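Survey of secondary and tertiary structure
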Amino acid sequence: MLRIAVCDDIPRYTEDLANIIGSWSDVRGIHVQLKKFVSGEDLLFDLECAGDFAAVFMDIKLSGIDGAETAVRIRRQSSVVSIVFVSGYERCLKQMCRIYPFLYMEKPVSRKRAYEILDQIMEDHKVKYESYIFKYKHSTFNITLGEVLYFAREKRKIMVYLASGREYVFYEKLDTLENALADCSNRFIRIHQSFLVNDRHVEEFHPRYVVMRNGEMLPVSRKRRAVIRQSCMDILDAMMNRC
């Protein structure tokens, strides 16, 4: 099930988009729980009380707190919500997209464009909740791969570092782990013989090191620099395609 919010202070735009989302839900066979809001304040209150949405569609120009400020506040509460601006101000939207990982649709909403974005959100949803299971001593652990910053080799053990600050450990070879994760939706890149990083959590790419979202700097070996450079280009291309 996907929990989706639509926020616009003009009711007919809200209803039009809600109908398109309902149609997409029927065509794809995906259960959607849809909630409609007329202000950023109402949306934020619901988010606080009832938890994350998979996606939020909203106009930039709202009465009260505008869409841009609402999005910033949503991001403070959750990093997993897909935010889609629905507006007629294309130039402004493109500027916003360069700053934040947002998607956008122009008004009037195209059914084809809405379906493309909803399909993309569904794929992103799968990535965010993709999991990996491992055992350590007498316990079995199931972690969400989207939350993994990186895996690090320490002698015969693998250390797992999550965005939440939690850490895990298990016995495995890093080469074996790299192969096991190769077909996952989350992309892990080998930057060094001792580090396997989630490229979604790399904040800065440099020739000799990367900076993770938690501020950690991890070394890049010389023979891995070409791979890192290509990964950086792939991410930039993906961002531009989204914009």
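Residues numbered from 1 in each chain as written. Predicted model: local features only at pLDDT ≥ 70, side-chain atom pairs only at ≥ 80, totals over all residues. Heavy atoms only, no water.

**As for the nonpolar core**
The biggest cluster of nonpolar side chains holds 33 residues, and the ones touching the most others in it are Y150, F151, F170, L177 and I191. Among the secondary structure elements, those contributing two or more residues to this core are strand 6 (131-136), strand 8 (148-154), strand 9 (157-162), strand 10 (167-171), helix 6 (174-180), strand 11 (188-192), strand 12 (195-198) and strand 14 (209-212). By size, the runner-up hydrophobic cluster in this structure holds 22 residues, among which are V32, V86, L118 and M122. (Core = buried A, V, L, I, M, F, W, Y, C linked by side-chain atoms within 4.5 Å. Buried < 20%, exposed > 50% of the residue type's maximum accessible area, 1.4 Å probe, protein only. Helix = DSSP H or I, 4+ residues; strand = E, 2+ residues; numbered from the N terminus.)

**Remarks on helix 1 (residues 11-28)**
Across its 18 residues, helix 1 extends 26 Å between first and last C-alpha, which sits within 8% of the 26 Å expected from 1.5 Å per residue. Tucked inside the fold, the buried residues of helix 1 contact strand 1 (2-7), strand 2 (32-37), strand 3 (55-58), strand 4 (82-87), strand 5 (103-106) and helix 5 (111-128). G29, located one to two residues past helix 1, shows a positive phi value of around 70°. (Expected span 1.5 Å × (residues − 1). Contact = heavy atoms within 4.5 Å.)

**Here's the deal with the packing of helix 1 against helix 5**
Their axes nearest at 10 Å, the elements helix 1 and helix 5 cross at an angle of 60°. The orientation of helix 1 relative to helix 5 falls into the category oblique. Viewed along their axes, helix 1 and helix 5 form a crossing whose handedness is right-handed. Between helix 1, through I20, I21, S23, W24, V27 and R28, and helix 5, the contact on the second element is made entirely by R111, A114, Y115, L118, D119 and M122. Partitioning the contact of helix 1 with helix 5 into residue classes produces 8 nonpolar, 1 polar and 3 charged. (Axes fitted to C-alpha atoms, helices over the stretch in contact; angles between N-to-C directions. Parallel < 35°, antiparallel > 145°, perpendicular 65-115°, else oblique. Left-handed = near helix turned anticlockwise from the far one by under 90°. Nonpolar A, V, L, I, M, F, W, Y, C, P; charged D, E, K, R; others polar.)

**Comments concerning the pattern of salt bridges**
Counting across every chain of the model gives 13 salt bridges. In this structure, D59 and K107 form a salt bridge, with 3.1 Å as the shortest nitrogen-oxygen distance. Of this pair, D59 sits in the loop between strand 3 and helix 3 (67-77) while K107 is found in the loop between strand 5 and helix 5, placing the two residues 48 residues apart along the sequence. The residues D59 and K107 share a single accessibility class, namely buried. Where K112 meets E116, a salt bridge forms, and the shortest distance between an N and an O atom there is 2.7 Å. In this pair, K112 and E116 are both assigned in helix 5, 4 residues apart and thus about one turn of the helix distant. For K112, a relative accessible area of 60% puts it in the exposed group. Relative accessible area serves as the criterion here: at 36%, E116 is assigned to the partly exposed category. Look at the salt bridges and you will find they share partners, linking R3, K35 and D46 into a network. (Salt bridge = Lys/Arg side-chain N within 4 Å of Asp/Glu carboxyl O.)

**What about unusual backbone geometry?**
Note that the residue after K107, namely P108, is joined by a cis bond; omega there is -5°. Tracing the backbone shows P108 in the loop between strand 5 and helix 5. Here K137, not a glycine, exhibits a phi torsion of approximately 55°, which is positive. Mapped onto the fold, K137 is located in the loop between strand 6 and strand 7 (139-144). Owing to a relative accessible area of 69%, K137 belongs among the exposed residues under this scheme.

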